[in-house]
Amino acid sequence: MTTELFTSASHPPLRRWWRRIAIPLFFLLLGMVFATWAARIPAIRDHLQLDAATLALVLLCGGIGAVGSFPLAAWITGHYGARHSTLYSGLALLVSLPLLGLAPGLWSLMAVCTCYGAASSCFDVAINALGAQAERDAGRPIMSMLHGWFCVGTFSGALVASGVASLGIAPVWHFLLLSALFVRPLYAAYQAMPDDRPEHDPERQLFVLPHGHLVVLGVIAFCGAIVEGSVADWSGIYMKDHIGASDGATPLAYAAFAGMMLVMRMIGDGLKARYDARRVVSVGTLVASGGIALAVASASMAPAILGFAIAGIGVAAVFPFVFSAAGRHGSTALAAVATLGYSGSLIGPPVFGFLAHGWGLQAALALLGVLCLAMAASSRRAQWLQ
């Protein structure tokens with residue numbers, strides 16, 4: 001099979017098929033990688049014998065890489081187009097994942113985590129730019145559905161990680177297998193996408209800091225990223241250390257969170273069309289605060305998992321609706337809002353770790369419920385969240 005298979009005129013049906021599934025595949029890939037790393041954090045923590053504060057420093061490096069790379073993400077997307085940016089950052093993401101499992105010590109893990117954060121954020125900006133353009137071309141809301149494919153990835157990735165961890169397979173082999181499985185589909189989907197390289201414009205700004213109404217969207221994304229990132233990185237630790245779950249059961253909390261996010265994102269576009277984005281986000285984040293409260297109050301596995309599932313229902317609409325609103329103003333505005341959003345990924349999981357180290361896991365988790373209430377209040381006043 002040659003590399004021309006997916007671009008050759010002799011295979012138009014195959015090319016059309018890859019083009020239809022390309023953007024959902026990109027979101028699926030990101031979700032799988034994200035959940036795979038998050039679900040194996042407890043194993044890597046135990047292998048390297050890290051305490052909560054030290055693990056927080058590792059996660060902080062990932063956040064620094066993510067936020068620090070946004071000017072690069074905006075430049076690559078603005079200069080080469082979202083299609084090329086997706087390929088370059090996607091390959092970097094698939095290389096960085098196994099390196100996380102190979103890191104022999106704290107400093108190497110921090111360095112690789114920085115690279116992983118940069119690659120994931122560049123990939124995220126690129127695929128959301130593709131999604132925003134696809135939504136404009138479709139003339140109807142589809143961003144929630146695309147983010148639903150991210151949840152398909154996180155849900156399935158968490159379940160697979162649960163099974164792999166139960167078998168005692170080391171994270172590095174788990175990570176290598178996932179990366180190897182996705183290299184070819186990534187390249188095939190890239191080839192099938194139409195070229196979107198923009199014309200050179202020396203006056204065009206490729207990156208700006210959020211301003212005006214973009215700040216409001218960015219703040220909501222900021223809080224949403226803190227909640228999603230903290231649940232992803234710390235729910236397994238919470239289940240293991242506070243609830244007493246086994247290694248195989250620790251990923252189930254995040255699987256429930258991601259699974260319910262998937263369900264809601266698949267119906268989110270319909271809810272947005274029937275009501276409006278502000279109402280969906282406001283009511284949803286109130287529901288999420290209740291789910292977090294249930295998880296905090298739980299002393300056994302079943303109610304804790306139920307609490308995380310309810311939280312997933314509530315926060316599902318935040319990212320697709322905020323990114324859709326920002327994407328209507330172009331890839332530069334999207335990158336600006338994403339900068340504030342991923343600043344939440346930078347601050348949230350490490351601060352959660354420091355709070356857990358000083359005050360306990362329950363107190364740190366309770367603060368996520370407070371953030372959900374803050375998102376509910378902010379979204380009711382966000383006139384541009386439509």
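The structure presented is a predicted model; accordingly, all values stated were derived computationally and were not measured.

### Thoughts on the packing of aromatic side chains
Then, number 1: Across all of its chains, the model carries 7 aromatic pairs by this definition.
Then, number 2: With a centroid separation of 6.1 Å and 80° between ring planes, the pair formed by Tyr238 and Phe308 is classed as edge-to-face. On the criterion of sequence distance, the pair formed by Tyr238 in helix α9 (residues 213-243) and Phe308 in helix α12 (residues 301-315) is long-range, its members being 70 residues apart. A single burial state applies to Tyr238 and to Phe308, both of which are buried.

### Considerations on the environment of Cys113
Then, number 1: By the element assignment, Cys113 lies in helix α6 (residues 106-138).
Then, number 2: Cys113 gets classed as buried once you look at its relative accessible area, which sits at 2%.
Then, number 3: When the C-alpha positions of Cys113 and Leu59 are compared, they lie 7.2 Å apart, and in sequence the two are 54 residues distant.

### A word on the pattern of salt bridges
Then, number 1: Taken as a whole and judged by the stated rule, the model has 4 salt bridges.
Then, number 2: Residue Arg45 pairs with Asp46 through a salt bridge whose shortest N-O separation is 3.0 Å.
Then, number 3: Residue Arg45 is classed as buried on the basis of its relative accessible area, which comes to 12%.
Then, number 4: Put simply, Asp241 and Arg45 hold a salt bridge, and the shortest N to O gap is 3.1 Å. With a gap of 196 residues between them, Asp241 in helix α9 and Arg45 in helix α2 (residues 41-48) connect regions that are remote in the sequence.
Then, number 5: Through salt bridges with shared partners, one network takes in Arg45, Asp46, Lys240 and Asp241.

### Re a nonpolar patch on the surface
Then, number 1: A surface patch of nonpolar side chains, amounting to about 440 Å² of accessible area, comprises Leu167, Ile169, Trp173 and Leu176.
Then, number 2: Relative to the helices and strands, Ile169 resides in the loop between α7 (143-166) and α8 (171-192).

### Notes on the confidence of the model for the protein chain
Do not read the fine detail of predicted coordinates wherever pLDDT is low.
Then, number 1: Scored by pLDDT, the protein chain comes out at a mean of 81, with 87% of its residues at no less than 70.
Then, number 2: Low pLDDT (under 50) marks residues 1-10, which in the prediction has 16 contacts with non-local residues, meaning those over four places away or in another chain.

### Notes on the environment of Leu217
Then, number 1: Inspection of the secondary structure puts Leu217 in helix α9.
Then, number 2: With relative accessibility at 1%, the residue Leu217 sits in the buried group.
Then, number 3: The spacing of Leu217 and Val322 is 105 residues in sequence and 6.0 Å in space, taken between C-alpha atoms.

Rules of the game
Residues numbered from 1 in each chain as written. Predicted model: local features only at pLDDT ≥ 70, side-chain atom pairs only at ≥ 80, totals over all residues. Heavy atoms only, no water. Phe/Tyr/Trp six-rings, centres within 6.5 Å; stacked < 30°, edge-to-face > 60°. Helix = DSSP H or I, 4+ residues; strand = E, 2+ residues; numbered from the N terminus. Buried < 20%, exposed > 50% of the residue type's maximum accessible area, 1.4 Å probe, protein only. Salt bridge = Lys/Arg side-chain N within 4 Å of Asp/Glu carboxyl O. Patch = residues over 30% accessible without salt bridge, like charges linked within 9 Å, V, L, I, M, F, W, Y side chains within 5 Å. Areas by Shrake-Rupley, 256 points an atom, 1.4 Å probe, with all protein chains shown as cover. pLDDT = per-residue confidence, 0-100. Contact = heavy atoms within 4.5 Å.

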